[in-house]
Every structure is written in C-alpha cells, then in structure tokens.
Amino acid sequence: MPRFTFGSWVEDAVDWLQSNLTWIFDFIKAVLGGMYDGVNAVLGGGEPLLMAGIFAVLAFWLRGVVPAVLTFVGFALIDSLALWDEAMATLSLVVVAAVITIVIAVPMGIWAARNNRVSATLRPVLDVMQTMPAFVYLIPGVMFFGVGVTPGVIATIVFAMPPGVRMTELGIRQVDGELVEAAEAFGTTPKHTLTRVQLPLALPTIMAGINQVIMLALSMVVIGGMAGAGGLGEKVYAAITQLQVGLAAESGIAVVILAMYLDRMTGALNERVSPLGRRAAAKVAAGARRLKFTHYKPGTAVAMTGVVVLALVAGGLNIVGSGDSKATQADSGNVGQGQKINMGYIPWDEGIASTFLWKEILEQRGYETGITQLDAGPLYSGVARGDIDFQTDSWLPTTHKDYWDKYSDQLDDLGSWYGPTSLELTVPSYVKGIDSLEDLKGQGKKFDGKIIGIEASAGMMGTLNKKVLKEYGLEGEYEVVSSSTSSMLAELNASIKKKEPVVVTLWSPHWAYGAHDLKKLKDPKGAWGKGEEVHTVAHKGFAKKAPAVADWLKDFKLTEKQLTSLENEIQNAGQGKEQDGVRTWLKKNSGLIDKLAPVPGGAGGSQQGKDAGKTVNMGYFPWDEAIASTYLWQNVLEDRGYKTSVKQLDPGPLYTGLAQGQLDVQFDSWLPTTHKDYWDRYKENLVDLGSWYGPTSLELSVPSYVKGIDSLEDLKGQGKKFDGKIIGIESSAGMMGTLNKKVLKEYGLEGEYEVVSSSTSSMLAELNRSIKKKEPVVVTLWSPHWAYGKHDLKKLKDPKGAWGKGEQIHTVAKKDFAKDFPELTGWLKDFKLSEAQLASLEVEMQKGGAGKEKESARRWMDANPDVVAKMAPVGS
C-alpha cells in the first residue's frame, strides 16, 4: 500500500498562515505576553519572604494553621535555593494559562452538557488534545509566536483544556434529573436552573476539573522551558541537557513545592465556594476534639486584610529598591543605558562560554541581558523572528547548514570569532588498534554496535549518518545513538572509569581533550569535510537596534588558548555559576574587556580637555545635518568636560546671535551660495573654521513613479500635473531665493509654477503623503538627505547649472572664538564626516525621534568610537 503523506500539507498550511495571518499571531503574542508580564510583575516584584507570607495567609484562610506554616517554609526554601524569580515566573505562566483555560473550558463544558451534538463533536477533539504529545504543540507555537512565553502558554492551554471541559460536563450531567425537573415544574427558567440548581450542585466536580487544569498546566513547565518560556522549566531543561544532577534536584524540589501548594489550595477552595464544601468543613471542625486551634480558619475579611497589609509592605519595599537601582544605573554612565539584549545558546561548551562572556561584558557596559537555552531549531527560529537578538555558536558552513539555508534571509552573519574547528569520532587512548575511521569497520561488536552522538538536530549528526558512515562502510554495523552533549560526555566518562571501549562524536576545541586521554580518529577520505568556523549570527535588524554591540561582535575573536581556558574556568565554577567563572577568567585576562567592547574614545574616552569647565553655546536651525552635527558635538564636548548650551533658531537670528557673541558656534553654514547673504552681512564679526562636509547639491526632486520628468527642462508645460506647485522649505533659506530668482527664470517656469514656502518638515510630510497616494509632486531637496534612503526619488538634472556648483558645509563661529576656546578651535578645524558617516548619523537621529536627539547621537558615537577619538583628541 502506498505511503500516505500529509505532513507536507501541514507544512504548506503553516507557511500560508505565517505569510498571511502574521498580524493575528502578533496580536495574540502581545496580549498573552502582556498578561504574563503583568502577573509576573505582581508575583515577582515583592520581597520574597513577604510574598511567602501572603501565600501563607491564603493557606491559613483556606486550610488552617499547619498548612500556612508549611507554605511559608516551602516558599522560604525556594528562596534559599536562589530560585525565587524562576518559581514566580513559572507560577505566573501557570496562572495566565489556567485562567484562560478555565474561561474557555467551563462554558464549553456547560454547552456540551446541555447539547448532545456538541458533546459528541467535542469528545474526539478533546481526545486528540489530551493524547497528542505535548512537544508537538511547541512546533507551530514557536513558528507562529517565536520563542518565549507565548508558545509555552499556548501549549499549556491546549494540553490542560480537556479535563476542564470533561469535568464540567460530567458535573452538570450528574446532577439529579428529578431536581432539575422539580425546578422546571416550579417555573424556573433554563438560565436560573443552570445557575441556581445545576452549577451549585456540580461545583465540587467542576472544582476538581479546575484543580486538574492547574496541575496539568504546571506539568508543562519543562516543555515550556524548551521553548524559551523561562522559569523553573528552563532550569530543569538546562539540568537535563547538561546532566546537572544538583540543579535538577533543586529545580525539581521547587516544582514539587509549587505543585503541592496549588493542589492543596485549589482543592480547599471548594470548601469556600461550594455550599456542600462549606457544610462538610463545618462538620469536620465541629467534630474535632483535640488541637481545635489547628482547624481554625480566619474569616475572609481578616485574611484579606492580612494579604493587603503584606502586599502594601512588599510593594513599598519594591518601590524603594527600584528607586535605588535606577539611581545606581543612572550613576554608572554606561554605554547600554539599560537597553535589553536577548541572547540564546545551544548547550555546547563554546556556546555557553561565549554567551556568558558576552552577558558579563554587556552588563558591564550598562545593558540589560536575557539568556535562553534552546535546541538548535528553536534557537535559529527565535533569532530569525527577532525574539532573540544574537547567538554566538553557529558552526558554518556544515554543522548548521540546514538552519542557515532555511533562515538566511532573516539573519545577519556578524562574522567568525573562532576557527577552524574540526568534527571527529573519538575513542579513549586505551582502545588499541582503532586510530582511524577505517579501523572501525568490522569492530562493531567491540563497541556494542553503537556510536554515542549528541543532539539529533546538530548538523554534524546529519553528516555522520549521511556521509561518514557511508564513506567508510559502517552502515548497518553501527547505530548512531542520538542523545545530548551532556549525555554523550557522561557516557564517555562512565566508559573511561570502567576502561570499556566507546566511540563518541566530538569536536575541537573541546575541554574533554584536556580532561581525558583521547584519540581523534583520522579521516583519510575527508568525509567530515574541512574545518568550520564558529560564527555569531543575529537577526536582520540587530545592527540598527544596537549598533555598538553589533560592531563589537563583528570584531570579536578568541584564540584556542583563550577559549579553552575560559571553558575550563566555567567548568571549575560549577553548575549554575557560569558567570562567576567568566568573571574569574576576565580577572586573569585584564584589559581584554576593553578590547572586546571598546567605549567611545577608546581608553581616553573619559579624558578631560584643556578647557574643561568652559561653556560652549551652540545654535542650529532645524535642518537634519545641523541637528545631527550639533548634538554630536554636544556629546563629545560633555565627554571632554565642557559644559554646553544648545538653541534652535532660524538662520537670520542664528547668524545675528553669532555676530553679536551671544552664541559661540554653529555647524551648518552652506557656502558660498545658500547662506551667502548672511555671510556677506556678518562676515566681519564671524570666523570660518573650515568645511567639514561637501560637496553638497541643491535640487528639485520627484518620486521615481513620475514618468517623463527627469530634468528641470521637463517641468515646462507640465504644471497641471503638479497642480502648478513646487513644495519648498523655509522662505528664509538661501536655496529658496536661488529657486525663485534664478532656477525658475532659467528654465522658463515663472508663472506656471508657484513655489510654496513652508518648512522642511512640512515639505517632507507632503512628499510622504503624495508617495502614499502615488500622486505626482515636486519638492525642494538637497544632498545629502535621508529622504533619498527612505523613498525612491529622482533628482532632476540641471543641464544649465542654474543651481550653481555644489557647496561645502562650514563651521562658523563668533569673532573671538579661537581666543576663548583654543583647544576646541583646533578640533573643529580638523572636523570631517564622510557621506556614509553623516547619513548613518542622520538615520540614527530619525530613528530616535524628536526630543531624543542627544541620546541618538550617543548611540551613533557608541557604534563609531574611533571617529569620536579623532574628533576630539586629548593628551597628545
């Protein structure tokens, strides 16, 4: 019978959904992420012991004194294990998933109980939901929503839904039919029959279903951790993949404490909300003869008062703590200024080492970091979607070829930081007669017919199965056992202790070659291929998001000696203390952090200038290059110890202020044409410190979709097409005078076109509006300008040279500027920016938005430290 394949249909459906319904997935992700963040902010925001007190008060209210004491002890233990944040993250995930599940499941169960057709339809659906392996739900979850909380919540909801629906339906169907008939006989409406008869009597069964929903949700924490949901699941997953028995035990205890608390509390909640439950609890309390105080439960008002008081105290402490934290961060003056950078890694040693190294470096530079351990598939998917910013362990071109080919359009390769590497099969040195892959043939029994591999998703596993075994005739004789890196190393270690033969997959560099006496099996046929490079891979927009970090990563290199010593330091630090190992290593390699992540200005970035303390008054008019250069110099001068004042003015008042000495300097004099009138009028009271950019050009421009208009000559007779208007900028700008007095006259456009004076921003807004509507428009523009990068525009040729020659952008200062600021005068005379530098600076200013000009210029400086050092050299 031919094989029936529907997997390709599923993949096609997933591709279609990704292409056409992204907005729905983004909306769901935003809603679920917002819910999770809100709950986690409440649960994880307070002092741990105070929050443990709140949980204990709730246990006191629901179950009594002894459970309250045990609750406090249990949560205190979680805190002492340094797993509080992870436990609260897990509890937040469970709460969000359980609430959504209950809101859907209970009404659906009611509907099924009251409609047999609905019940019959739902039953097979619930069967599939409950029996389908939970891992399957993560695949579309990660593809549609990326790595993080959302796929974990979605998988949890689907997995936990069936018992909620089934138990609700069962509870209502089990209500005595005679009671329902009696209610209907007395004229009770169906609605009131449900709410006043069926639901109260079915409540114990419904609550049992809710209890199961919550417990199943908690059981999904490990699977959620595999999708990057964080919390205890990530800890357990890390322990499993890295074979960390201690971490597994600690994380498991924390999960057990949460499970017991949720189970007991949701079970006891029935006694508070159900009439039958309250009656049963009252009988138990009345029948108690000894230790009656242990059965005492406070009233709801008393318990809620205790919760509110503890919550207010916890919230107050949190506000104070966060205020101190912000103050500390503000004082640090670091490059990152709290920007969040998310990193992911596969649990391979070089991946762990390089990731935690960059975590430490970025935190020392003022960034906030997040780290997620994932398998290779979810990791590449997460980076491609932008959920993870970068990862440092891409083995290319072989091991991770499949992932790179699949996601390369959404990724940026920031370069190799280590290589060449090598892949190999390895045996202990005491295994005699096995020195080459050729020697393995016919020796399968010696190794129990097994080659111990790593993660099945690793590219080297594909190469081993598809090429190496075939090349050396080992197919059928050996089975490649997929496991994990940690499991492979554990098997290697166990075999060596017993002096048993074993063959494992390994690669160089790896710390195992230092820990054990091993032989790399020679590969005379070159089946493994050439040595690879270990690359850093980021999502497509990362260089714009964090240009300084992107540049650091592009220059990142480690030697074999550095990498192996770092890996050994992390191994020595032990489980869960990777960053401590990194810090120890960095202390032994002083100065390395400044090489890997240089701050603006290099080592002299914080040096004071000779005139530090003086105030420089700068002015600018709102042209993009003026804004960019002015705020750039404001940052540079403040780094050198100067004080600054910045004012925005129109050109006329600005030149007047300079001539009168009220302002010291401005950076946007377009000479000899645009600002000729101002220069001629005030030049006796000004000094030209030289050109820092040029040549420029003035022009009229149209969108590229405007056909037949390529030159100023083509505008003649086409006035109706443009409504007889040329959209200009400020009337005070020199180019507006040139346009009206010379360009229109030279090309015979007077009378046919009206030059509309507005502002630069209004002109750009009109250009943007026209492009959106595909309407013809002609505007005044100049080069360089960021609009040419944003839109597809044509500069209209000027065959008669009416605009004149290209200009230079000059720095112009007051008459006595050199006397007042001799050091700064030297810097400004040497100041130059290339077209690429100015364009990237302007783009950064545009991205930052109005009011964030200084911060935007700082980001650009972070990404261009050498330029800043050249602008204001000190100590020479």
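Note that the structure is a prediction, hence the values are computed from the model and not measured.

Draft legend 1. Structural context of the overall build of the chain. Each helix and strand in the chain was counted, giving 37 helices and 20 strands. Sequence-distant contacts in the chain: of pairs separated by 6 or more residues, those separated by 24 or more amount to 80%. For the chain, the accessible area works out to roughly 40,300 Å², and carbon and sulfur atoms hold 56% of it.

Draft legend 2. Highlighting the packing of helix α5 (residues 84–114) against helix α10 (residues 190–219). α10 packs onto α5 with a crossing angle of 140° between their chain directions and a minimal axis gap of 9 Å. Note on packing geometry: the crossing formed by α5 with α10 is right-handed. Where α5 approaches α10, its residues Thr 90, Val 94, Ala 98, Thr 101, Ile 102, Val 106, Ile 110 and Arg 114 are matched on the opposing element by Pro 190, Leu 194, Gln 198, Leu 199, Ile 206, Ile 210, Val 213, Ile 214, Ala 217 and Leu 218. A breakdown of the residues in the contact of α5 with α10 according to their chemical character gives 14 nonpolar, three polar and one charged.

Draft legend 3. Region of the structure containing a nonpolar patch on the surface. Together, Val 95, Val 99, Val 103 and Ile 104 make up an exposed nonpolar region whose accessible area comes to about 300 Å². One can find Val 99 in helix α5.

Draft legend 4. Just the pattern of salt bridges, in detail. Overall, the coordinates contain 24 salt bridges when judged by the stated rule. In this structure, the salt-bridge partner of Lys 545 is Asp 389, at a minimum N-O distance of 2.9 Å. Of this pair, Lys 545 sits in helix α22 (residues 542–545) while Asp 389 sits in the loop between α17 (376–385) and β3 (390–396), and the two are 156 residues apart along the sequence. The exposure class of Asp 389 is buried, given its relative accessible area of 1%. Between Asp 680 and Lys 676 there is a salt bridge; the shortest N-O distance is 2.8 Å. Within this pair, Asp 680 and its partner Lys 676 are both found in helix α29 (residues 676–682), separated by four residues, close to a single helical turn. Overlapping salt bridges, with partners in common, bring together Lys 29, Arg 385 and Asp 387 in one network.

Draft legend 5. Up close: the side chain of Lys 814. Within the fold, Lys 814 resides in strand β20 (residues 808–814). In this structure Lys 814 comes out as buried when scored by relative accessible area, which is 13%. Side-chain polar atoms of Lys 814 contact the side chain of Asp 820, separated by 3.0 Å.

Draft legend 6. Structural context of the packing of helix α16 (residues 349–364) against helix α25 (residues 578–588). Two numbers describe how α16 lies on α25: the axes approach to 9 Å, and their chain directions differ by 75°. On the basis of their axis angle, the class for α16 and α25 is roughly perpendicular. Here Ile 352, Ala 353, Phe 356, Leu 357, Lys 359, Glu 360, Glu 363 and Gln 364 of α16 lie close against α25, whose contacting residues are Glu 578, Gln 579, Val 582, Arg 583, Trp 585 and Leu 586. Taken together, the residues of the contact of α16 with α25 sort by class into seven nonpolar, two polar and five charged.

Draft legend 7. Quick peek at the environment of Met 265. Structurally, Met 265 can be placed in helix α13 (residues 245–273). With 206 residues separating them in the primary sequence, Met 265 and Ala 59 have C-alpha atoms 6.6 Å apart.

Draft legend 8. View of the environment of Ile 154. Mapped onto the secondary structure, Ile 154 falls in helix α8 (residues 149–173). Look at Ile 154 and you get partly exposed, because its relative accessible area is 24%. For Ile 154 and Gly 141, which are 13 residues apart along the polypeptide, the C-alpha to C-alpha distance reads 6.9 Å. Leave out the neighbours within four places in its chain, and Ile 154 touches Ile 28, Leu 32 and Phe 145.

Draft legend 9. Examining helix α28 (residues 651–660) more closely. Burial analysis of α28 places seven of its ten residues in the buried class, which makes it a mostly covered element. Along α28, the positions that sit buried rather than exposed are Pro 651, Gly 652, Leu 654, Tyr 655, Gly 657, Leu 658 and Ala 659. In the core, the buried residues of α28 are packed alongside β11 (615–620), β13 (665–671), α29, β14 (686–693) and β20. With its phi angle positive at about 85°, Gly 661 sits one or two positions after the end of α28.

Draft legend 10. Structural context of the nonpolar core. Counting 87 residues, the largest nonpolar core has Leu 357, Trp 358, Phe 390 and Phe 542 as its most contacted members. It is α16 that contributes the most residues to this core, seven residues altogether. The residues touching Phe 390, leaving out its near neighbours within four places in the chain, are Ile 341, Asn 342, Met 343, Gly 344, Trp 358, Leu 362, Thr 536, Val 537, Ala 538, Phe 542, Val 549 and Leu 553. Counting 86 residues, the second-largest nonpolar core is a separate cluster that includes Met 618, Tyr 620, Val 702 and Ile 709.

Draft legend 11. How the structure looks around helix α36 (residues 853–863). When you tally the buried positions in α36, you get eight out of eleven residues, the bulk of the element. All of the buried residues in α36 are Glu 853, Ser 856, Ala 857, Arg 858, Trp 860, Met 861, Asp 862 and Ala 863.

Draft legend 12. Here's a closer look at the packing of aromatic side chains. Throughout the structure, instances matching the rule amount to 25 aromatic pairs. Taken together, a centroid distance of 5.1 Å and an interplanar angle of 10° make the contact between Tyr 380 and Tyr 403 stacked. Of the two residues, Tyr 380 is situated in helix α17 and Tyr 403 in helix α18 (residues 401–407); the sequence distance between them amounts to 23 residues. Like Tyr 380, the residue Tyr 403 is buried in the burial classification. Arranged with centres 6.4 Å apart and planes meeting at 80°, the rings of Trp 395 and Trp 507 form a pair that is edge-to-face.

Draft legend 13. Quick peek at the confidence of the model for the chain. Taken over all residues, the pLDDT of the chain has a mean of 85, while the share at 70 or more is 89%. Under a pLDDT of 50 for its full length, residues 320–333 has, in the predicted model, three contacts with residues more than four places off or in other chains. Below pLDDT 50 for its whole length, residues 601–605 participates in seven contacts with residues either more than four positions away or in separate chains.

Draft legend 14. Representation of unusual backbone geometry within the structure. Cis geometry marks the peptide bond from Leu 671 to Pro 672, where omega comes out at 15°. With respect to the secondary-structure elements, Pro 672 resides in the loop between β13 and α29. Residue Pro 695 follows Gly 694 across a cis peptide bond; omega there is 0°. Its place among the elements puts Pro 695 in the loop between β14 and β15 (697–703). Positioned with a positive phi, Asp 723 is a non-glycine residue whose angle comes to about 55°.

Draft legend 15. Quick peek at the pairing of strand β8 (residues 504–508). The buried fraction of β8 is high, at five of five residues. Across the two faces of β8 the burial is the same, with Val 504, Leu 506 and Ser 508 and Thr 505 and Trp 507 all buried. The pairing of strand β5 (residues 422–428) with β8 spans five bridges and is classified as antiparallel. When the sheet's bridge partners are listed, Leu 423 is paired in β8 with Trp 507.

Draft legend 16. Spotlight on the side chain of Thr 71. Within the secondary structure layout, Thr 71 lies in helix α4 (residues 65–80). A distance of 2.8 Å separates a polar atom in the side chain of Thr 71 from the backbone oxygen of Pro 67. In contact with Thr 71, other than residues within four places in its own chain, are Phe 55, Ala 56, Ala 59 and Tyr 261.

Draft legend 17. Structural view of a negative patch on the surface. A grouping of Asp 176, Glu 178, Glu 181 and Glu 184 is seen on the molecular surface, where their side chains present a negatively charged patch. Looking at the element boundaries, Glu 178 is found in helix α9 (residues 177–185).

Draft legend 18. Highlighting the environment of Met 343. With respect to the helices, strands and loops of the structure, Met 343 is situated in strand β1 (residues 340–345). Relative accessible area serves as the criterion here: at 1%, Met 343 is assigned to the buried category. In the structure, Met 343 is positioned twelve residues away from Thr 355 in sequence and 7.2 Å away in space, judged by C-alpha atoms. Beyond its immediate stretch of four places on either side in the chain, Met 343 contacts Thr 355, Trp 358, Lys 359, Leu 362, Thr 369, Gly 370, Ile 371, Thr 372, Ile 388 and Phe 390.

The rules we used
- Residues numbered from 1 in each chain as written.
- Predicted model: local features only at pLDDT ≥ 70, side-chain atom pairs only at ≥ 80, totals over all residues.
- Heavy atoms only, no water.
- Helix = DSSP H or I, 4+ residues; strand = E, 2+ residues; numbered from the N terminus.
- Contact = heavy atoms within 4.5 Å.
- Areas by Shrake-Rupley, 256 points an atom, 1.4 Å probe, with all protein chains shown as cover.
- Axes fitted to C-alpha atoms, helices over the stretch in contact; angles between N-to-C directions.
- Left-handed = near helix turned anticlockwise from the far one by under 90°.
- Nonpolar A, V, L, I, M, F, W, Y, C, P; charged D, E, K, R; others polar.
- Patch = residues over 30% accessible without salt bridge, like charges linked within 9 Å, V, L, I, M, F, W, Y side chains within 5 Å.
- Salt bridge = Lys/Arg side-chain N within 4 Å of Asp/Glu carboxyl O.
- Buried < 20%, exposed > 50% of the residue type's maximum accessible area, 1.4 Å probe, protein only.
- Polar contact = N/O pair within 3.5 Å; in protein donor to acceptor, adjacent residues only side chain to side chain.
- Parallel < 35°, antiparallel > 145°, perpendicular 65-115°, else oblique.
- Core = buried A, V, L, I, M, F, W, Y, C linked by side-chain atoms within 4.5 Å.
- Phe/Tyr/Trp six-rings, centres within 6.5 Å; stacked < 30°, edge-to-face > 60°.
- pLDDT = per-residue confidence, 0-100.
- Pairing = 2+ DSSP bridges.
- Lys, Arg positive; Asp, Glu negative; His and termini not counted.
- Charge placed at Lys NZ, Arg CZ, Asp CG, Glu CD.

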